[in-house]
Amino acid sequence: MSDAESVRSTAGSFVDDPAQLGTPIAVKDAGGALTSWFVPILAGASVAGFVELLPDLTHRRTSWFPDAPAASSWLDPAIIRTRAATALTADEIAAEPTLSFDGSPDRLAWAVPVRGARGDGIVFVAGDVVWRSEDR
């Protein structure tokens, strides 16, 4: 069984209908180390919530979104990069997003590395909200 299959199988015990679970996504810290797994709970084209498991597959939390955002706003790297681009200056280029967190592991967000004339940085994207790491 692959890591993704094991994660999804374990997450299934924390929801009423395991068929609603999407593909697990690794959550990594700023250094690239695995800190948890994010397993989306899908409701059609929306994300109803998620199950988060630690690397050893211990349940960390199950959380529900009050307004079930479009799945693409949380799961589509192309859309996440497009949203991150709204916070870039003309000379900056965004790299591939990684699911991470801003400061606390409770603040899940996509970290989009940015390179530009003023140096390297991170733009965070969580659904429709976009901010630079120095904006905290």
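Above this text is the structure in question.
This structure is a prediction, so every number in the text was calculated from the model and none was measured.

## Looking at the overall build of the protein chain
Looking only at helices and strands, the protein chain has three helices and nine strands in total. Starting at the N terminus, the α and β elements of the protein chain follow one another as α-β-β-β-β-α-α-β-β-β-β-β. Taken along its principal axes, the extent of the C-alpha atoms in the protein chain is 50 × 30 × 25 Å. When burial is assessed residue by residue, the protein chain has 39% of its 136 residues classed as buried. Taking contacts inside the protein chain between residues at least 6 apart in sequence as the whole, the part at least 24 apart equals 36%. For the protein chain, the accessible surface area stands at approximately 7,100 Å², while carbon and sulfur atoms represent 54% of it. One finds the centroid of the 11 positive side-chain charges in the protein chain at a distance of 4 Å from the centroid of its 18 negative side-chain charges.

## A word on the pairing of strand S9 (residues 129–132)
Across four bridges, the pairing between strand S8 (residues 121–126) and S9 is antiparallel. Residue Val-125 lies in a different strand from S9, and its bridge partner there is Val-130. Linking two consecutive strands that pair antiparallel, namely S8 and S9, is a turn of two residues; a positive phi of about 65° is found at Gly-127 within it.

## Side note on the pattern of salt bridges
Scanning the model with the defined rule gives eight salt bridges in all. Two residues, Asp-120 and Arg-115, come together in a salt bridge whose shortest N-O distance is 3.5 Å. Of the two residues examined, Asp-120 and Arg-115, each falls in the exposed class. Among the ionic contacts, a cluster of salt bridges with common partners joins Glu-52, Arg-60, Arg-61 and Asp-106.

## Remarks on the sheet that holds strand S1 (residues 25–28)
Reading across from one edge, S1-S2-S3-S4 is the order of the four strands in this open sheet, with antiparallel pairing throughout. With one partner strand each, in any of the chains shown, S1 and strand S4 (59–64) form the two edges of the open sheet. Each strand of the sheet is rotated relative to its neighbour by a mean of 30°, with strand direction disregarded.

## Considering the layout of surface pockets
A volume near 270 Å³ is recorded for the largest pocket. Along the walls of the largest pocket sit 15 residues, with Asp-29, Ala-30, Ser-100, Ala-111 and Ile-122 positioned nearest its centre. Contributions of two or more residues to the lining of the largest pocket are made by strand S6 (98–101), strand S7 (108–115) and S8. The element that contributes the greatest number of residues to the lining of the largest pocket is S6, accounting for three residues. In terms of residue class, the lining of the largest pocket is made up of six nonpolar, five polar and four charged.

## Side note on the environment of Asp-67
Locating Asp-67 in the fold gives a position in the loop between S4 and helix H2 (71–75). Take Asp-67: its relative accessible area is 63%, and that puts it in the exposed class. The spacing of Asp-67 and Gly-119 is 52 residues in sequence and 37 Å in space, taken between C-alpha atoms.

Scoring rules and cut-offs
- The residue count restarts for each chain, going from 1 along the sequence in the order it is written.
- At least 70 in pLDDT is required for a residue's local features to be given in this predicted model, at least 80 for side-chain atom pairs to be given and counted, and no such filter applies to totals for whole chains, interfaces and linings, which use all residues.
- Side-chain metrics rest on all non-hydrogen atoms present in the structure, leaving aside hydrogens and water.
- Helix and strand definitions follow DSSP, with helices as H or I runs of at least four residues and strands as E runs of at least two, each counted in order from the N terminus.
- Only protein chains enter the accessibility calculation, which uses a 1.4 Å probe; a residue whose area is less than 20% of its type maximum is buried, one above 50% is exposed, and one in between is partly exposed.
- Contacts are assigned to residue pairs that have any heavy atoms within 4.5 Å of one another.
- All accessible areas in this document rest on Shrake-Rupley with a 1.4 Å probe, and a residue is counted as covered only by the protein chains that are shown.
- Asp and Glu are treated as the negative residues and Lys and Arg as the positive ones, with His and the ends of the chain left uncounted.
- Every charge is mapped onto a representative atom, which is NZ of Lys, CZ of Arg, CG of Asp or CD of Glu.
- The pairing criterion is simple: DSSP has to find at least two bridges between the two strands.
- Salt bridges are defined by distance alone: a side-chain nitrogen of Lys or Arg within 4 Å of a carboxyl oxygen of Asp or Glu.
- Every angle, taken between N-to-C directions, lies between 0 and 180 degrees, and every axis is a line fitted to C-alpha atoms, over only the stretch in contact when it is a helix.
- A cavity here means a set of 1 Å grid points, computed over protein atoms only, where a 1.4 Å probe fits but cannot escape. A pocket is an open set with protein on both sides within 12 Å along at least 5 of 7 lines, and lining residues have an atom within 4 Å of a point.
- Grid points are joined across faces, edges and corners, and a volume is the space filled by probe spheres set on the points.
- Gly is put with the polar residues, along with every residue not named as nonpolar or charged; the nonpolar set is Ala, Val, Leu, Ile, Met, Phe, Trp, Tyr, Cys and Pro, and the charged set is Asp, Glu, Lys and Arg.

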